[in-house]
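# Summary of the model geometry
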Amino acid sequence: MSFNDIKGNKNITERMSRAIRNRNISHAYLLEGDSTTDKIGLAENFAKAILCENTGAGDSCEFCQSCSKVNHGNHEDIIYIKAEGNSIKDESIEELQIKIRNKPFAGDRTVVIVQDADTMTLRAQNRLLKTLEEPAPGTVLILLSENVENLTETIRSRCITYKLNPVEISDYKDIISGAIQILDMILEGAPFYKISKKLVEYTTDRPTAQSFLNAFESWCRDLAISEYDTEGRLLFQAERLEEIRKRAKLYSGNFLENAIIAIEEARNDLNRNLNINYTLKNLTLKILDNMGIQKEDN
Ligand SMILES: [Zn+2]
């Protein structure tokens, strides 16, 4: 996944891309956005594009060794700092300062991604400030934050701040119709790779994937309960009661129940930050298994 694949926040990805093209990468960035925004996804894409061996176009090439390492989550020149318990402690920043004194392993840059930067204790913030004031050569810090008010003014003033807009989630009806199409494909015995391809259309990033799973689940629930809820009082899509009752006849109650369980598991996997493609592939397989359909994996 490169900048091109990121939905929304084009103004930010364009600025990141330009900084890389012009070799004008700052030593510190602050990505600010609420919980619906994919800050970590954007930060990782930025890191990948910065570290890419073919950065001429200002985006990751996706085929060099560096891009491949980032995609596999094992690039040695990306350092992640996370909260331990409720906060990022002074010791974590101290360890970081020791690490970035060393040269990068592969190229000439080290990228540090500080998740939940606003949970840094005041001591940790003051320590990090020293790094921001006298940056180690080649090091790029990317701080991610939901509440920048919790960061000291001196930290904020030393970072280039990008404020992320919540990703615009396409019309709910569109997502529901996607869910219906996918269930239809399963019913028709469509091959696995076709179903996966369809799923990917709705899941370009974490927030979109989450809302797709929500829609998918609410549709399966509607189908499952329509048999008992004859007036459609409990249905999410009550206005489609007739259609729902007709469609519900195509699936066994057991199938729908298992599908809902699989969707819930997929949602938990996404919350645990598992890879989006992996999670959805897994979901498709579970639903297909449940249907007893021969899989064709491509
Ligand atoms: Zn590359």
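Calculation notes
Residues numbered from 1 in each chain as written. Predicted model: local features only at pLDDT ≥ 70, side-chain atom pairs only at ≥ 80, totals over all residues. Helix = DSSP H or I, 4+ residues; strand = E, 2+ residues; numbered from the N terminus. Buried ≥ 20, exposed ≤ 12 C-beta atoms within 10 Å, placed from the backbone. Domains from an automatic or database assignment. Contact = placed C-beta atoms within 7 Å. Nonpolar A, V, L, I, M, F, W, Y, C, P; charged D, E, K, R; others polar. Expected span 1.5 Å × (residues − 1).

## Quick look at unusual backbone geometry
Not every positive phi belongs to a glycine, and Arg23 is a case in point at roughly 50 degrees. Mapping Arg23 onto the fold places it in the loop between helix 1 (10–21) and strand 1 (28–32). Using a count of 8 C-beta atoms within 10 Å as the deciding quantity, one classes Arg23 as exposed. Positive phi, close to 50 degrees, is recorded for Asp116, a residue that is not glycine.

## Considerations on the domain arrangement of the protein chain
Assigned domains of the protein chain: these are domain 1 (3–163) and domain 2 (172–291). When each unit is reduced to the centre of its C-alpha atoms, the spacing between domain 1 and domain 2 is 35 Å. The partner domain 2 presents 5 residues to the 6 residues of domain 1 that form the contact. Split by residue class, the side of domain 1 that touches domain 2 holds 1 nonpolar, 2 polar and 3 charged.

## Examining helix 2 (residues 39–51)
Helix length check: helix 2, at 13 residues, gives a terminal C-alpha distance of 18 Å against a target of 18 Å (1.5 Å per residue), a fit within 8%. Of all 13 residues that make up helix 2, 11 are buried, and the element is covered over most of its length. Here helix 2 has its buried residues at Lys39, Leu42, Ala43, Glu44, Asn45, Phe46, Ala47, Lys48, Ala49, Ile50 and Leu51. Looking at the buried side of helix 2, the elements it contacts are helix 1, strand 1, helix 3 (65–71), strand 2 (78–81), strand 3 (110–114) and strand 4 (139–145).

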